[in-house]
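Report on the structure
The chain contents come next:
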Amino acid sequence: MKTLRGWLSPLVYLSNNWISLVGVIVVTAATVSWMVFLPITLRGSALHPYFGIVLYLLLPGIFIGGLLLIPIGIYLNRRRKRAKGEMPTDFPPLDPHNPELRKLAAFVAGTTFINIIIASQFSYSAVRYMDTVGFCGQTCHTVMQPEFTAHQRSPHSRVECVTCHIGPGASWFVRSKFSGAGQVVAVALNNYPRPIPVPVRNLRPARETCETCHWPQKFGEDRLRDIVSYGEDESNTVSHTVLMLHLGGGMSRVGIHGRHLGEGISVRYYASDEKRQTIPWVEYTAAGKTTVYASGNANPDPSQLRQMDCVDCHNRPTHIYQLPVRAMDQALGTGEISAALPFVKKQGVAILKQPYATEQEAEARIPAALEDFYRNNYPQVYAQRRDEISRSAKALLAIFQHNVFPAMKVTWGTYPNNLGHTDFDGCFRCHDEQHTAKEGTTITQDCSACHNILASDEKNPKILVDLGLVQAAK
Ligand code: HEC
Ligand code: HEC
Ligand code: HEC
Ligand code: HEC
Ligand code: HEC
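These lines cover the structure that appears in this document, whether it is placed above or below. Bear in mind that the values here come from a model prediction, so they are computed numbers and not experimental data. (Residues numbered from 1 in each chain as written. Chains lettered and ligands numbered in written order. Predicted model: local features only at pLDDT ≥ 70, side-chain atom pairs only at ≥ 80, totals over all residues. Heavy atoms only, no water.)

Quick look at the coordination of the iron atom of ligand 2 now. Coordination of the iron atom of ligand 2 by the protein comes from His156 (NE2) and His214 (NE2), over a distance range of 1.9 Å. Around the iron atom of ligand 2 sit six donor atoms; with metal-centred angles ranging over 87 to 180 degrees, the donor geometry is octahedral. Residue His156 is found in the loop between helix H6 (141–152) and helix H7 (161–165), and its partner His214 is found in the loop between helix H9 (206–210) and strand S1 (223–230); the two are separated by 58 residues along the sequence. By relative accessible area, His156 is classed as partly exposed at 23%. (Donors = N, O, S within 2.8 Å, 3.2 Å for Na, K, Ca; no water. Tetrahedral: all angles 85-135°; square planar, octahedral: opposite > 155°, others 65-115°. Helix = DSSP H or I, 4+ residues; strand = E, 2+ residues; numbered from the N terminus. Buried < 20%, exposed > 50% of the residue type's maximum accessible area, 1.4 Å probe, protein only.)

See the structure below:
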């Protein structure tokens, strides 16, 4: 019967070969990096999912690979020694005087030390880097380009991707690893879906992320909105729709926020489609009383229900893609596109709606199309306002580039916006007077429940004149 030492000493002797020693280097490198990274993740700061790929997939893979090299090296060494007849019958004992053991121990200690120095130098900056919007948005450039571009131009452009997509705490961080890993594999294999499907299945309940910055009770005040639009006539006539939105929050009045998210209120619903655009069943609980509103005879299983939160209305808080008409109105409003050019709104929208197979094609055709329009139809305007036209033509192309991404099959309206009801169903997915409770009540579509319409497509609405925002008509 051999003792443990009797087993180990030939292994130590035989491990003195370069394959096993490389294995030792790899194993110590993986272990040290893992130990340096681990505390950072356990601290629970919001980290990028792909960082987890390194931590949970790549490092263990390297570790196991290194571990395998050691016995492989030993095995090959033994075969070689046997073949040459160099295999000793007696191995030096495992004590401090054994030179093989001393060499091995010194080697492990040396590589570990060097690894610690290297890992501690690069880990902090690597972690910081992976946390940044640049890494999330640009590493897989084509894949994330639509979201990255929209994010850069949104009210949340200073909020890092991970703040909404993962949020604080360790458990969501670990959960995100697994989906993040799947995503990277999909990108590597080039079989990821285009466009990226919504809803984001593993998105954290929004109240845990959004409310780290937004306090819903704050929305006590109503909000005045002046929606400016331009006509498709020759002079691109401006008009205003003015709404007083009853935002509410729970302190001063119960408005839009308070009615769905206030104290003791819970809304759960069932969507019959993937994108959550068709909602046949809604359950409303307030002050302990539960009412079910259904359209048709949906009878969903409790596991299919979704608890309504911020992103059921604000599903585009940062990846805001516009429709051509809206985008034109905005660019005309800021002056990026000159409202002095005849029919520019109509032409712009028409040009944007054309199909373009690639970004390059759009780049070549969009500005040219607008310039051609004036060259052919308004030669005088073209001669007098060339700079204005070429600037507007560039701005028109920019609208396209901010909203349409042929490589990802993202085009106008690919991602519906659920805030409002004019461009997409939005609020009217539920507020359609078709969802009826047993008592016969419905989810209201009363226009004044959500907003007072103070002006509807007017040139000089009195309310804006009174507020000094537009000039009274002469
Ligand atoms: C303010 C919060 C917020 C920030 C910051 C944010 N996202 Fe999102 N993201 C969302 C929400 C909300 C959705 C849509 C959820 C839904 O409908 O399921 C989403 C959806 C996505 C989608 C799915 C496709 C789509 O367009 O809906 C991708 C991909 C994505 N985000 C990537 C990113 C990247 C990359 C960044 C950083 C450049 C980022 N996000 C920053 C909130 C955010
Ligand atoms: C890290 C802090 C932070 C987080 C997290 C955050 N926001 Fe914001 N949000 C802001 C700031 C700051 C602004 C104001 C930007 C401005 O006024 O330019 C803002 C603005 C907004 C606005 C108003 C936009 C407008 O057009 O005026 C909405 C709506 C909003 N956030 C919704 C959300 C939702 C929904 C989430 C969660 C998915 C979220 N926010 C997460 C910081 C945050
Ligand atoms: C029932 C739909 C709905 C839900 C749920 C909802 N919001 Fe809103 N929110 C709105 C609407 C509508 C507006 C007004 C948008 C506008 O001005 O056009 C708004 C406006 C806002 C604004 C801008 C307010 C201001 O005064 O500038 C913020 C910030 C905001 N919401 C954050 C949130 C957060 C955070 C949550 C989740 C806790 C949330 N909302 C849930 C519908 C909703
Ligand atoms: C998932 C379904 C659903 C969606 C989507 C939804 N709501 Fe509601 N909403 C309800 C339910 C249910 C009630 C409560 C009905 C009741 O009083 O029993 C309600 C109540 C309200 C009320 C109070 C109405 C009253 O009678 O005073 C307002 C205001 C409101 N919602 C605004 C909005 C706005 C704005 C949006 C879109 C941004 C929206 N809701 C989207 C389900 C929804
Ligand atoms: C459930 C709440 C709700 C109800 C009911 C409702 N609206 Fe709205 N409406 C909204 C919200 C929220 C917006 C603002 C969307 C945004 O932020 O741009 C809006 C925007 C509008 C706009 C401006 C559209 C634009 O050009 O941007 C008009 C016009 C309008 N509503 C008309 C109506 C009329 C008419 C009714 C009655 C049949 C009605 N709404 C009922 C929530 C509601």
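Don't stop here, the text continues.
Let us now look at helix H14 (residues 359–377). Taking 1.5 Å per residue as the helical rise, H14 with its 19 residues ought to reach 27 Å, and the 27 Å between its terminal C-alpha atoms agrees with that figure. Maximal helix bending in H14 amounts to about 25 degrees, located at Ala369. Buried within H14 we find Ala362, Ile366, Pro367, Leu370, Glu371, Phe373 and Tyr374. Buried-residue contacts for H14 involve helix H13 (344–353), helix H15 (379–384) and helix H16 (386–403). (Expected span 1.5 Å × (residues − 1). Bend = angle between axes of the 7 residues up to and from the residue. Contact = heavy atoms within 4.5 Å.)

Attention shifts here to H16. The end-to-end C-alpha separation of H16 is 26 Å, in line with the 26 Å expected for 18 residues at 1.5 Å each. The complete set of buried residues in H16 reads Glu388, Ile389, Ser392, Ala393, Ala395, Leu396, Leu397, Ile399, Phe400 and Asn403.

Taken together, 25 residues lie near ligand 1, and Glu147, Cys161, Cys164, His165 and His319 sit nearest. Contact between ligand 1 and Glu147: an oxygen atom at 2.6 Å from a side-chain N or O atom of the residue. Here Arg316 contributes a side-chain N or O atom positioned 2.6 Å from an oxygen atom of ligand 1. For the shell around ligand 1, the secondary-structure elements that each account for two or more residues are helix H5 (133–138), H6 and H7. Take the shell around ligand 1: its biggest share by element is four residues, from H6. (Near = heavy atom within 4 Å. Polar contact = N/O pair within 3.5 Å; in protein donor to acceptor, adjacent residues only side chain to side chain.)

Taken as a whole and assessed by the stated rule, the structure comprises six aromatic pairs. Geometrically, the ring pair formed by Tyr321 and Tyr415 is stacked, given 5.4 Å between the ring centres and 25 degrees between the ring planes. Taken together, the residues span a long stretch of sequence, with Tyr321 in the loop between helix H11 (310–313) and helix H12 (324–334) and Tyr415 in the loop between H16 and helix H17 (447–450) at a distance of 94 residues. Summarising the burial analysis for this pair, Tyr321 and Tyr415 share the class buried. Arranged with centres 4.9 Å apart and planes meeting at 80 degrees, the rings of Phe373 and Tyr374 form a pair that is edge-to-face. (Phe/Tyr/Trp six-rings, centres within 6.5 Å; stacked < 30°, edge-to-face > 60°.)

Turning to the sheet that holds S1, a few remarks are in order. Spatial strand order, S1-S2-S7: three strands in an open sheet with antiparallel pairing. Looking at the sheet topology across the chains shown, the edges are occupied by S1 and strand S7 (451–458). Sheet twist, expressed as the mean angle between neighbouring strand axes with direction ignored, is 10 degrees. One ladder, built from eight bridges, connects S1 with strand S2 (residues 238–245); its direction is antiparallel. Residue pairing in the sheet places Arg225 in a bridge with Leu243 of S2. (Pairing = 2+ DSSP bridges. Axes fitted to C-alpha atoms, helices over the stretch in contact; angles between N-to-C directions.)

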